[in-house]
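Summary of structural features
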Amino acid sequence: MSVDRLLTTVLGLYRDVHDEVKTQQIFNTTTTLLTHLHNPLNLTLLTSNLLTAPAIWHRPDPLATCYRVISIYHTAARHIYKSERDRSRSTPPTPSAQTGGGGVATETWVRAVVKGADDRSPRWKHLLVLAGILTGLEAGGEDAMSHGLKHLLEGAIVTAANLALGELPKESEPLPTGALALSLTYTFHMLSESSRASINCNLLAPVAAAALLGEAGLSGGLFLGAIDVDVRQTGEQFVWSEHSPSFLHLRQLMAKPLVSSMGALVKIIAYAVGHPNAQPTKVLRLQDDLVAFTQRLLQQWQANKLSELEPSEAHVYLTHETLRTTWPVLWQLLKKITFAGVTVLHAITQRSLLDGYFKSAGVTAPLAVKSLNIFRSLSFISSPHASEFQIYKFTYLASIDTLVQFPEACSAFLQSIKRPDSGVIPAHPLDRTLDLCYLSFAEHLPLNLPPEACDALIVQPAMAYLTQAAPVSGRMVELFESAHSAILSVLSCPHNGDLIVKLAPFYSETLFTSFPKHISPRQFRLAFKTMIQILSPPFPIAATHPNFAETLLEMVRFRITAANPAPLPPGPDAAAGREDAAGPVSEQSTLVMTLIDSLPFLPLHMVEDWMTWAAESLNEIQDRAMREVAQRRYVEILDSGEMDVERAAIGVAWWGSKGGRQLVLFGGPGKPSDQQQFMMSGAIVEEGSKL
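An unreviewed UniProt entry lists the chain under the name Peroxisomal membrane protein PEX17, with Coniochaeta hoffmannii as the source organism.

This is the structure:
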């Protein structure tokens, strides 16, 4: 069949809707015609009819059709350029035009095809054709397009995008939104900066976000709810089969073009949000959409049986099939969603910091609260403790820093996310995850809260994790540490003097009872050192209660003799790489190093006495390796600059002329057997002298 007759046949087939097999044949034939037609008018005619053909557009999955149209023109453009390049290598080019696969030069072919994107079809369909051509020619390398041709294509894409964005409010179906987002997803990074800046970002931001979060993309996060129906429990284990409808749906969701290329789409949204012509009201509306989406995602996960598992327990309570197939795929998608959400939130936060409108309109505090609510909703995927990428940390801390400027908003925010029964440790792992997120927020806010709010909103929820026994796990260690950090942040605020007086004895006793079962050596030392610092000058409580700090030190010193000298087993802290790597530690050696850590914060009149007592306690450690760890820490305190000038001067005098060196390194005078190892061979020792 000749090319012209094939064209007539395909144009006739365009008028009716066909089955899937016939439709695929039409797509394939269209690609063939695009690469073999000789007459530019026929190329224009073919494109014009393709963009209005019922056979193409009346399909069950219209967004898949959009992707196929881009693919057709991508393939055709690559073929035309490759044929032209091959011909130019084998035959000297003519001055007029080099010939392509269908006898049409590349630039002529592009102009003919673009001309077919006429007024008979909507602008968003034009973008599909232009996207296919640009990506196809860009795939050929830097020499595939002349500067003029690339300028022509970029200008056509910008014009079509702006016109399509202006027409979208008139459309009632989500297809145009998804098609426009899909086209720009593949082409936006190829455009020059001037072309990107020419796109109407004020309209682009909400359209791209709607495409990502809506039916064309993540379907509102409702996929998590569907999973619960297919999760079965066999004994103590959960089964989620890879053949279940929910997993097949999840696979289809991840195969959607806008989901599989989510990173590129998110970059477009971030660019549009940061562009000056994007109105602040549109940015705020986009944040509201993100809040609603993440809250829905959290609600869907709360209703899912799999939320009953802590991530560290997955290998115990999930079958091998689930661990190997369905579970990793789910978390791969959830992590992509977290990255996408935080990237958009990062752009919103940057815009709010740079745009004076947000401060003048009084929306700074609500914007920070909404950002933190998004972090809370995503905390079941990645909590602030587990986040590693920089934009997460920046956005999280920037939101906190913004919120602390508004004390009333701080109090209202904590009250809004506080559990009604926050005085007890919840049984559900997801509730514990949300508590971890709550405590992570709370530890940043006490300086801007009155003492009553600090007590009700921070101290009481944190105390639940310090006073009640619970199974030790990775998540519980994080919760214990967050609870201690929250309490210490309250105690560190000078305006909480009365609260400190009431809380310090109780918290100190809690520290001792929690160690070493529920709190790591690292956290115990850090918490106790902070307590000593809070109870010592220049903090006001040191003047009203001067004996608090020394009383705590005496409690530690009293416990050293009776403490367990056996090495502590590695805990979750050590597995996470956060425990000290200096050497083995025991309960006893940890208490000794706690005394040593406290020396830089003691009042001047106490420093020398407690340096001596700490050194004496050091020598009660029987294990030589642990004693050497404590000795190194003692020398580090004196040598590293942790002490201020006055305390350092006391330390130098004590170390050099008051027996400190002998006491720390050799156990004090009268220990010749210990000192021998530090003497030169053949050294003369005066008889009867005490070394």
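**Side note on the packing of helix α16 (residues 280–302) against helix α18 (residues 320–354)**
Viewed as axis vectors pointing N to C, α16 and α18 meet at an angle of 155 degrees, and their least axial separation amounts to 11 Å. With respect to each other, α16 and α18 are oriented roughly antiparallel. The hand of the α16/α18 crossing is left-handed. Counting all contacts with α16, which are made through Pro 280, Val 283, Leu 286, Gln 287, Leu 290, Phe 293, Leu 297 and Trp 301, the residues of α18 involved are Trp 327, Leu 330, Trp 331, Ile 337, Gly 341, Val 344, Leu 345, Ile 348 and Arg 351. Partitioning the contact of α16 with α18 into residue classes produces 14 nonpolar, two polar and one charged.

**Focus: the packing of helix α15 (residues 262–274) against α18**
Where α15 contacts α18, the axes come no closer than 8 Å and their chain directions differ by 15 degrees. Judged by the angle between their axes, α15 and α18 are roughly parallel. Along this stretch, α15 crosses α18, giving a crossing that reads as right-handed. Contact with α15, carried on its side by Met 262, Val 266, Ile 269, Ala 270, Val 273 and Gly 274, involves Leu 333, Lys 336, Ile 337, Ala 340, Thr 343, Val 344, Ala 347, Ile 348 and Arg 351 of α18 and no other residues of that element. Looking at the contact of α15 with α18 residue by residue, the classes come out as 11 nonpolar, two polar and two charged.

**A word on α15**
Here α15 is 13 residues long and its end C-alpha atoms lie 18 Å apart, about the 18 Å a rise of 1.5 Å per residue gives. Buried within α15 are the following residues: Met 262, Leu 265, Val 266, Ile 268, Ile 269, Ala 270, Tyr 271, Ala 272 and Val 273. Those residues of α15 that are buried lie in contact with α9 (175–187), α10 (193–198), α11 (201–213), α14 (257–260), α16 and α18.

**Description of a nonpolar patch on the surface**
Among the surface-exposed residues, Leu 353, Leu 354 and Phe 394 lie close enough to one another that they form a single nonpolar patch of about 330 Å² accessible area. Topologically, Leu 353 is positioned in helix α18. Look at Leu 353 and you get partly exposed, because its relative accessible area is 44%.

**Points about the side chain of Thr 319**
With respect to the secondary-structure elements, Thr 319 resides in the loop between α17 (314–317) and α18. Sequence-distant contacts of Thr 319, defined by excluding residues within four places in its chain, comprise Thr 234, Gln 237, Phe 238 and Val 239.

**Thoughts on helix α31 (residues 587–598)**
Helical periodicity: at 3.6 residues per turn, an α-helix aligns residues three or four positions apart in one direction. Helix length check: α31 (12 residues) gives 17 Å between terminal C-alpha atoms against 16 Å at 1.5 Å per residue, within 8%. In terms of burial, α31 is a largely internal element, 11 of the 12 residues being buried. Listed as buried for α31 are Gln 588, Ser 589, Thr 590, Leu 591, Val 592, Met 593, Thr 594, Leu 595, Ile 596, Asp 597 and Ser 598. Those residues of α31 that are buried lie in contact with α27 (521–534), α29 (548–562), α32 (604–618) and α33 (624–639).

**Focus on the pattern of salt bridges**
By the definition in use, this model includes 22 salt bridges. As a salt-bridge pair, Asp 435 and Arg 419 come within 2.8 Å of each other at their nearest N and O atoms. In this pair, Asp 435 sits in helix α23 (residues 429–442) while Arg 419 sits in the loop between α22 (407–417) and α23, placing the two residues 16 residues apart along the sequence. We classify Asp 435 as buried; its relative accessible area is 10%. When its relative accessible area of 13% is taken as the criterion, Arg 419 is described as buried. Between Glu 628 and Arg 624 there is a salt bridge, with the nearest N and O atoms lying 3.4 Å from each other.

**So, the environment of Leu 552**
Mapping Leu 552 onto the fold places it in helix α29. Residue classification places Leu 552 among the buried positions, given a relative accessible area of 6%. With 43 residues separating them in the primary sequence, Leu 552 and Leu 595 have C-alpha atoms 9.9 Å apart. Sequence-distant contacts of Leu 552, that is, excluding residues within four places in its chain, are made with Ser 508, Phe 512, Phe 528, Met 531, Ile 532 and Leu 535.

**Overview of the environment of Gly 659**
Mapped onto the fold, Gly 659 is located in the loop between α34 (645–657) and α35 (660–666). Sequence separation between Gly 659 and Thr 612 is 47 residues; the distance between their C-alpha atoms is 8.9 Å.

**Some thoughts on the nonpolar core**
Membership of the largest hydrophobic core comes to 221 residues, with the highest contact counts inside it found for Trp 109 and Tyr 507. At 13 residues, α18 tops the list of elements feeding residues into this core. Discounting residues that sit within four places of it in the chain, Trp 109 has contacts with Leu 34, Leu 43, Tyr 73, Ala 76, Ala 77, Ile 80, Val 104 and Ile 133.

**Some remarks on unusual backbone geometry**
Here the amide bond leading from Phe 515 into Pro 516 is cis, since omega sits at 0 degrees, within 30 degrees of zero. Looking at where Pro 516 falls in the secondary structure, it is placed in the loop between α26 (497–514) and α27. Cis geometry is adopted by the peptide bond preceding Pro 538, which originates at Pro 537 and carries an omega value of 10 degrees. Counting through the fold element by element, Pro 538 comes out in the loop between α27 and α28 (541–544).

**With respect to the packing of aromatic side chains**
Counting across every chain of the model gives 18 aromatic pairs. Summarising the aromatic geometry, the rings of Trp 57 and Trp 124 are spaced 5.8 Å apart at their centres and angled 85 degrees between planes, so their arrangement reads as edge-to-face. Taken together, the positions of Trp 57 in helix α4 (residues 54–57) and Trp 124 in helix α7 (residues 123–138) put the pair 67 residues apart, joining distant regions of the chain. Looking at Trp 57, the relative accessible area reads 10%, which means it is buried. On the numbers, 5.7 Å between centres and 80 degrees between planes, the contact of Tyr 357 with Phe 358 is edge-to-face. An aromatic cluster is present here, built from Phe 375, Tyr 392, Tyr 396, Phe 413 and Phe 441 joined pairwise through their rings. The ring centre of Trp 57 lies 4.2 Å from the NZ or CZ of Lys 125, which sits over that ring. Directly above the aromatic system of Phe 512 lies the positively charged group of Arg 559, at a separation of 4.2 Å from the ring centroid.

Rules and cut-offs
- Counting of residues starts from 1 at the beginning of each chain's written sequence and follows it residue by residue.
- Selection of residues for local features in this predicted model requires a pLDDT of at least 70, selection of side-chain atom pairs for listing and counting requires 80 or more, and totals for whole chains, interfaces and linings are taken over all residues.
- Side-chain numbers come from the whole structure's heavy atoms, not from hydrogens or water.
- Each axis is a line fitted through C-alpha atoms, and for a helix only the stretch in contact is used; angles between axes span 0 to 180 degrees, taken between their N-to-C directions.
- Helix and strand assignments come from DSSP, with helices taken as H or I runs of at least 4 residues and strands as E runs of at least 2, each series counted from the N terminus.
- For classification, angles of less than 35 degrees are called roughly parallel, those exceeding 145 degrees roughly antiparallel, those between 65 and 115 degrees roughly perpendicular, and all remaining angles oblique.
- Two helices cross in a left-handed way if the nearer one is turned anticlockwise from the farther one by less than a right angle. They cross in a right-handed way if the turn is clockwise.
- Two residues form a contact once any of their heavy atoms are found within 4.5 Å.
- Any residue that is not Ala, Val, Leu, Ile, Met, Phe, Trp, Tyr, Cys, Pro, Asp, Glu, Lys or Arg is counted as polar, Gly included; the first ten are nonpolar and the last four charged.
- Each helix should span, by expectation, one fewer than its residue count multiplied by 1.5 Å.
- Remark: exposure states derive from per-residue accessible area (1.4 Å probe, protein chains only) relative to the maximum for the residue type, with buried under 20%, exposed over 50%, and partly exposed in between.
- Nonpolar side chains (Val, Leu, Ile, Met, Phe, Trp, Tyr) are joined into patches within 5 Å and like charges within 9 Å, using only residues with over 30% relative accessible area and no salt bridge.
- Exposure was quantified through the Shrake-Rupley algorithm and a 1.4 Å probe, taking into account, for residues, occlusion by the shown protein chains and nothing else.
- One speaks of a salt bridge when a side-chain nitrogen belonging to Lys or Arg is within 4 Å of a carboxyl oxygen belonging to Asp or Glu.
- Residues enter a nonpolar core if they are buried and are Ala, Val, Leu, Ile, Met, Phe, Trp, Tyr or Cys, with the set joined through side-chain atoms within 4.5 Å.
- The criterion for an aromatic pair is that two Phe, Tyr or Trp rings (for Trp, the six-membered ring) have centres within 6.5 Å, with stacked assigned to planes under 30 degrees apart, edge-to-face to planes over 60 apart and tilted to the rest.
- Charge-over-ring placement is defined geometrically: NZ (Lys) or CZ (Arg) within 6 Å of the ring centre, and within 35 degrees of the ring normal.

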